[in-house]
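A structural walkthrough
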Amino acid sequence: MGCCGSTERTKREWKPLEDRSCTDMPWFLLFTVFCVGMGSIFGFTIATGGAARLVFGYDSYGNTCGQRNEQIEGVRLSGLDQTDKKYVFFLDPCNIDIVQRKIKSMALCVSVCPDEELKTYQDLKRFAMHNGSELCSYELAGHKYPSLPERFDKCPKLPVPPSKSLPVFNRCTPVDISCYAKFAEAVVTFVSDNSVLHRLIAGVMASKEIIVGLCLLALVLSMILMVIIRYISAVLVWILTATVVLGSLGGTSILWWLYIDHRLTVNETLSKKTADTEDAKEEAEMSRDKAQALLVYAIAATVFTVILLLLMLFMRKRVALTIALFHVAGKVFIHLPLLTLQPFCTFLALLLFWLYWSLVLLFLGTTGNPVQNEETGLTEFRLTGPLQYMTWYHAVGLIWISEFILACQQMTVAGAVVTYYFTRDKNKLPVTPILSSVLRLMRYHLGTVAKGSFIITLVKIPRLFLMYVHNQLKGKENACARCMLKTCICCLWCLEKCLNYLNQNAYAATAINSTSFCTSARDAFVILVENALRVAAINAVGDFVLFLGKILIVTSTAFAGVLLLNYQRDYAEWVLPLIIVCLFAFLVAHCFLSMFEIVVDVLFLCFAIDTKYNDGTPGREFYMDKALMEFVENSRKLERVAERGRSRPTEVVSVEGAEIKPMAPGTSSA
């Protein structure tokens, strides 16, 4: 990609934005070869006619409709010229295999779909004579339909419902969808029993303008929240802290009160009962068991509350770091507004790839060698031999390339945030840091992204396979097997989440130091371990604050929706529009605030590196923002006070006389 590989430094020197070189080139070549293989599958489906059979349709003898066909060995009535017969007609369109999700009926190529109901064989004959479209098997003459004995097996099931051709896939589809009652029994029953579905759909259509407006409102609120969250993060954090502490203290107090009240009640009751009966002994035993259970609960709650209070006490500085990081992250989005477009770009890339993948998968369903179905005697196309592994290859491609696209987003965001953090004078930032980050990714680090996404793929595939096995065996496996499957799935899910977090930090380290994936992952892991408590505080507090932000956006959008929909009194049903709006609002909020979370994580890694290799002295000035500098200064003041309080006069604090220099002159702290 414009350069060749280079030998990495043996000693790690964190020099941001310097010594840029290609990373993990073998993995880039491997990923390129894999993508060529994905494209070859697409080419194979086109070359072998699978794409044409899907788009134009084919009959039960292997003939593709709308074109000339070659003779298939061993298949009668194949190799016909179907140039004038462009539509696929099913003799029994309601004969659907629900398990295999396909129509089991014989299919023929016809020139016109029947647009009216045909009730008798005379109607079939008249339709064939007038329209030139024979609806029975090719070997049967149209003018003989009523008298042929084969008409019961090789002619459509009567009555033939009126049908229309699909716009793209030339299939004759019945106009009355109730024909598919078996396939959609629940929906048909729901619709036939009442008009709820029709009312809901009518409500959506009537309020479509409001739905679009509310979706735009959710989008605007998400963008605004990403900017102002730095101002309200402190309030949210203290609300969270107060809620957790008060909830723990209140719960513990209630449990102790219940225990004491129960003991007093039991003692009073037993003192009044002097009878030494069996019932009295049993009642006394039950009361003691209840009291003991309440005591255990109260003690456990007390231990939990004490541990929680100690954690709050020891992690209060780290909570302050989370607030400072949120403050700086808000500034990042002000200086780099194009970051807000990243979720749209990623979603568009994923959507285009998923559409392409689904299309090729459909092509694969009509690709392969012609095989006669033993049950129906109809000709089908199936991948046999080594060709059947193309479907598995295609499935792996769905996971790997999807993860690759998500990893490209993480690397792009990391590169832009690293550029922002390690540029001392913010007025000298590149004109488009996002575009610069994308270009660096394309030129140097695609191999690193390919390797990181492949590791996630290796974990995701067995997890998805186990989930498939679990669903297939639902109700059949014993309790032990079910527990083991769920345990394995849970462990793989946890491993995947941990690797995702490590990968994200590895991409940030690569963006800083231009090192390979493994080297960057090791360096990032060391930094994270050295700051384990800070990482825990940021993830715990930060994730909850972002969750509150998502809830805020969803509830605000829902409240506005209730006001607007309730104001329009004509809307009889506005529950479904409101659900649609809330789901869209949560999706948008999740996308944008997940981007905010990535920025916070990258900022923290940069901050940890900055504080590890710089101390604020001349020549080793900090890169960090003013908000983070205030946090460092406050932390050092507390450390100095603690050192002086240890009554060790011979020890001198080395940093006492050092002047902290965060930025060069002219740096903007806006």
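Residues numbered from 1 in each chain as written. Predicted model: local features only at pLDDT ≥ 70, side-chain atom pairs only at ≥ 80, totals over all residues. Heavy atoms only, no water.

1. Concerning the packing of helix 11 (residues 389-421) against helix 12 (residues 433-472)
To be explicit about the condition: Between N-to-C directions, angles span 0 to 180 degrees; the directions come from axes that are lines fitted to C-alpha atoms, helices contributing only their stretch in contact. The numbering of helices and of strands both runs from the N terminus, where a helix is a DSSP run of H or I of at least 4 residues and a strand a run of E of at least 2. Orientation categories follow fixed angle ranges, with anything under 35 degrees roughly parallel, anything over 145 roughly antiparallel, 65 to 115 roughly perpendicular, and all other angles oblique. Left-handed is the label given to a crossing in which the near helix is rotated counterclockwise from the far helix by less than a right angle, and right-handed is the label when the rotation is clockwise. Residues are grouped as follows: Ala, Val, Leu, Ile, Met, Phe, Trp, Tyr, Cys and Pro are nonpolar; Asp, Glu, Lys and Arg are charged; all remaining types, including Gly, are polar.
Taken N-terminus to C-terminus, the directions of helix 11 and helix 12 make an angle of 140 degrees; their axes are 5 Å apart at the nearest point. The angle between helix 11 and helix 12 places the two elements in the oblique class. The handedness of the crossing between helix 11 and helix 12 is right-handed. When its residues are assigned to classes, the contact of helix 11 with helix 12 shows 19 nonpolar, eight polar and three charged.

2. Overview of the nonpolar core
Basically, it comes down to this: Residues belong to a common nonpolar core when they are buried Ala, Val, Leu, Ile, Met, Phe, Trp, Tyr or Cys residues joined through side-chain atoms within 4.5 Å. Burial here depends on accessible area, computed with a 1.4 Å probe over protein chains only, as a share of the maximum for the residue type. Under 20% is buried, over 50% is exposed, and the range in between is partly exposed. Between two residues, a contact is recorded if the distance between any of their heavy atoms is within 4.5 Å.
One finds Tyr 421, Phe 596, Val 599, Leu 603 and Leu 628 to be the most contacted residues of the largest nonpolar core, which totals 86 residues. Tallying contributions element by element places helix 16 (residues 575-613) first for this core, with 17 residues. Contacts of Phe 596, omitting those with residues within four sequence positions, involve Met 226, Ile 229, Phe 326, Ala 329, Gly 330, Phe 333 and Leu 546. In terms of nonpolar packing, the next biggest core, distinct from the first, is built from 27 residues, Tyr 61, Phe 89, Cys 113 and Cys 172 among them.

3. Considerations on the environment of Arg 20
Along the chain, the position of Arg 20 falls in the segment before helix 1 (25-47). Taking C-alpha positions, Arg 20 is 8.8 Å from Arg 440, a pair spaced 420 residues apart along the chain. When residues no more than four places from it in sequence are discounted, the contact partners of Arg 20 are Arg 440, Tyr 444, His 445, Thr 510, Ala 511, Ile 512 and Ser 514.

4. Overview of the pattern of salt bridges
Pairing between side chains of opposite charge can happen when the charged atoms of each approach one another. Threshold: Take a side-chain nitrogen of Lys or Arg and a carboxyl oxygen of Asp or Glu: if they are within 4 Å of each other, that pair is a salt bridge.
By the definition in use, this model includes eight salt bridges. Asp 81 is the partner of Arg 68 in a salt bridge, and the nearest nitrogen-oxygen pair spans 3.5 Å. Of this pair, Arg 68 sits in the loop between helix 2 (50-56) and strand 1 (87-90) while Asp 81 is found in the loop between helix 2 and strand 1, placing the two residues 13 residues apart along the sequence. Two residues, Glu 139 and Arg 76, come together in a salt bridge whose shortest N-O distance is 3.7 Å. Here the residue Glu 139 occupies a position in the loop between helix 3 (121-131) and helix 4 (151-154), and Arg 76 occupies one in the loop between helix 2 and strand 1, the gap between them amounting to 63 residues. One network of salt bridges, with partners in common, ties together Glu 403, Lys 460, Arg 463 and Glu 496.

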